[in-house]
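Residues per chain, in single letters:
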Amino acid sequence: MTRPACAVIHLDHLRQNFRRIRSLAGEAEIMAVVKANAYGHGLAEVARTLAEEGCRHFGVTDATEGQALRQALAFPASITLLSGIFDQHDAQLAAIHGLTPIMFNELQLDWLRHAGFSGSLWLKVDTGMGRLGASQPEKLLRSCEQAGFHIRGLLSHLACAEEPNHPLNRQQIERFFSLCSHLGLPGSLLNSAGLTHEDTERFSCVRPGIALYGSEPVPSRPIGLKPVMQLQGRIMQIRDLPAGHPISYGATFYTQAPTRIGIVSLGYGDGLPRQLSNQGDVFTQGRRLPIIGRVCMDYTIIRLDDCPAEAGDWVEFWGANIMANEVARQAGSIAYELFTGVTDRVQRIIRE
Ligand SMILES: Cc1ncc(COP(=O)(O)O)c(C=O)c1O
């Protein structure tokens, strides 16, 4: 039997989230961000499901991911490379597979010219994120046009979209629109959080990622998303321990009284944050139960108290009952890191 450490992927929830996002996006085109293996959910299944929902534009990290996505999709679709191209080989992949890179310097333009690329590009600008962006967008735009490349628009990224009232949002939006009108280009700026609180009609394209996967981008203003991933292990053994018994590495927990514990088949080697040691919860048999002792590479120990759980029962670490956002807060992280941190040895089980 395969070790029971599973990420159940609920495609019906993905569909519902996409529809919810579509209702918020208005006339703006949706670029579904499926980079990093669709945030750990499985690139092919996620992209195919979204394509069935009518999505025709996807965002991945680089040309290697773009090639994998092109091969997985039965529908014609636009595939944007959100980190652009890294070398001549990437430019060739972009040319062969009809990928749409972002562009922020002249060197990338040279690579594309040499590759005989004839597709379109996004011009990437920094409006306040302090990350990638053309230092002279106007000059780069002219070079692109001279090279005969079609520029799809201006693309930038919000730094503080999770905080709707953060003053940087307004500053970035103003800078962005002033550049768009100066260069005469349509624009794409909003990620999941941005599209929950900004006027999407002003943009040609929005770029939701985390919202597709059901994690509320602004938890204080939920928009009714459904968690797509449910991370689960199984109770391998139940034990009754006397009071004063140490639990797990470092003996950081001692039973206060006779205690029933469960040993669950999932640990930090599967992507469960070790920071949940002695503070996280799991969900089984309709109950939340505490994690006790340190999370191990392959196991996590839980206190069962009077819960009627049995060996073989499934235990949820995050999913519909315990939100990934809550787990991430406890672990000092974000849902993005939890999802992308689920390791390859965890089986992805696809549910329609
Ligand atoms: C350039 C860019 N656009 C869009 C997204 C999607 O962001 P989110 O997952 O917050 O919706 C990301 C994610 O990191 C990104 O880097």
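Attention in this report is confined to the structure presented alongside it.

With that settled, consider the site of the ligand. In the region of the ligand, the neighbouring residues are Val33, Lys35, Tyr39, Arg131, His157, Asn191, Ser192, Arg207, Pro208, Gly209, Ile210 and Tyr336. Side-chain polar atom of Tyr39 to an oxygen atom of the ligand: 2.6 Å apart, as the coordinates give it. Here an oxygen atom of the ligand sits 2.5 Å away from a polar atom, N or O, in the side chain of Ser192. When the ligand is considered free in solution it has 390 Å² of accessible area, and contact with the protein chains removes 92% of it.

Core analysis: the biggest nonpolar cluster contains 108 residues, and Val34, Leu50, Phe58 and Trp318 have the highest contact counts within it. When residues of this core are assigned to domains, at least three fall in each of domain 1 (11–206) and domain 2 (229–351). Not counting residues within four places of it along the chain, the set of residues in contact with Phe58 comprises Met31, Ala32, Val34, Ala47, Leu50, Ala51, Leu69, Leu73, Ala77, Ser78, Ile79 and Thr80.

Attention now moves to the pattern of salt bridges. In total, this model carries 15 salt bridges according to the counting rule given. Glu53 is paired through a salt bridge with Arg19; the nearest N and O atoms lie 2.8 Å apart. You can see Glu53 sitting in the loop between helix H3 (43–52) and strand E4 (57–60) and its partner Arg19 sitting in helix H1 (residues 11–25), a full 34 residues away along the chain. Residue Asp110 pairs with Arg113 through a salt bridge whose shortest N-O separation is 2.8 Å. Separated by three residues within a single helix, Asp110 and Arg113 lie in helix H6 (residues 106–114), roughly one turn from each other. Since its relative accessible area comes to 32%, Asp110 is described here as partly exposed. Among the residues examined, Arg113 registers a relative accessible area of 42% and is labelled partly exposed. Ionic contacts of the salt-bridge type, sharing partners, join the residues Arg15, Arg19, Glu52, Glu53 and Glu352 into one network.

Turning to helix H8 (residues 167–183), a few remarks are in order. The end-to-end C-alpha distance of H8 is 25 Å, a good match for the 24 Å that 17 residues give at a rise of 1.5 Å each. Residues of H8 that are buried: Leu168, Asn169, Gln172, Ile173, Phe176, Phe177, Cys180 and Leu183. Seen from one end, H8 has its buried residues packed into an arc of 160°, which puts them on one side. Exposed residues lying more than 90 degrees from the buried face of H8 are Pro167, Glu174, Ser181 and His182. Packing partners of the buried residues in H8 comprise strand E7 (120–124), helix H7 (137–146), strand E8 (150–155), strand E9 (187–188) and helix H9 (192–197).

Evaluation of the coordinates by the stated rule reveals one cavity of 30 Å³ or more. For the largest cavity, the full set of lining residues is Lys124, Val125, Asp126, Thr127, Met129, Arg131, Leu132, Ser156 and His157. Across the lining of the largest cavity, the residue classes break down as three nonpolar, three polar and three charged.

Each pocket or cavity is described by its volume, and for the largest pocket that value is around 440 Å³. Considering the residues around the largest pocket, the lining is formed by 21 residues, among which Lys35, Tyr39, Arg131, His157 and Asn191 are closest to the centre. Classifying every residue of the lining of the largest pocket by side-chain character gives ten nonpolar, six polar and five charged. Counted as a void, the second largest pocket has a volume near 230 Å³. Along the walls of the second largest pocket sit 13 residues, with Glu162, Asn325, Ile334, Ala335 and Tyr336 positioned nearest its centre. Only helix H10 (324–330) and helix H11 (335–340) provide two or more residues apiece to the lining of the second largest pocket.

Definitions and cut-offs
Residues numbered from 1 in each chain as written. Predicted model: local features only at pLDDT ≥ 70, side-chain atom pairs only at ≥ 80, totals over all residues. Heavy atoms only, no water. Near = heavy atom within 4 Å. Polar contact = N/O pair within 3.5 Å; in protein donor to acceptor, adjacent residues only side chain to side chain. Areas by Shrake-Rupley, 256 points an atom, 1.4 Å probe, with all protein chains shown as cover. Core = buried A, V, L, I, M, F, W, Y, C linked by side-chain atoms within 4.5 Å. Buried < 20%, exposed > 50% of the residue type's maximum accessible area, 1.4 Å probe, protein only. Domains from an automatic or database assignment. Contact = heavy atoms within 4.5 Å. Salt bridge = Lys/Arg side-chain N within 4 Å of Asp/Glu carboxyl O. Helix = DSSP H or I, 4+ residues; strand = E, 2+ residues; numbered from the N terminus. Expected span 1.5 Å × (residues − 1). Arc of directions from axis to C-beta. 1 Å grid on protein atoms, 1.4 Å probe; cavity = no way out; pocket = protein on both sides within 12 Å on 5 of 7 lines; lining within 4 Å. Points joined across faces, edges and corners; volume = space filled by probe spheres on them. Nonpolar A, V, L, I, M, F, W, Y, C, P; charged D, E, K, R; others polar.

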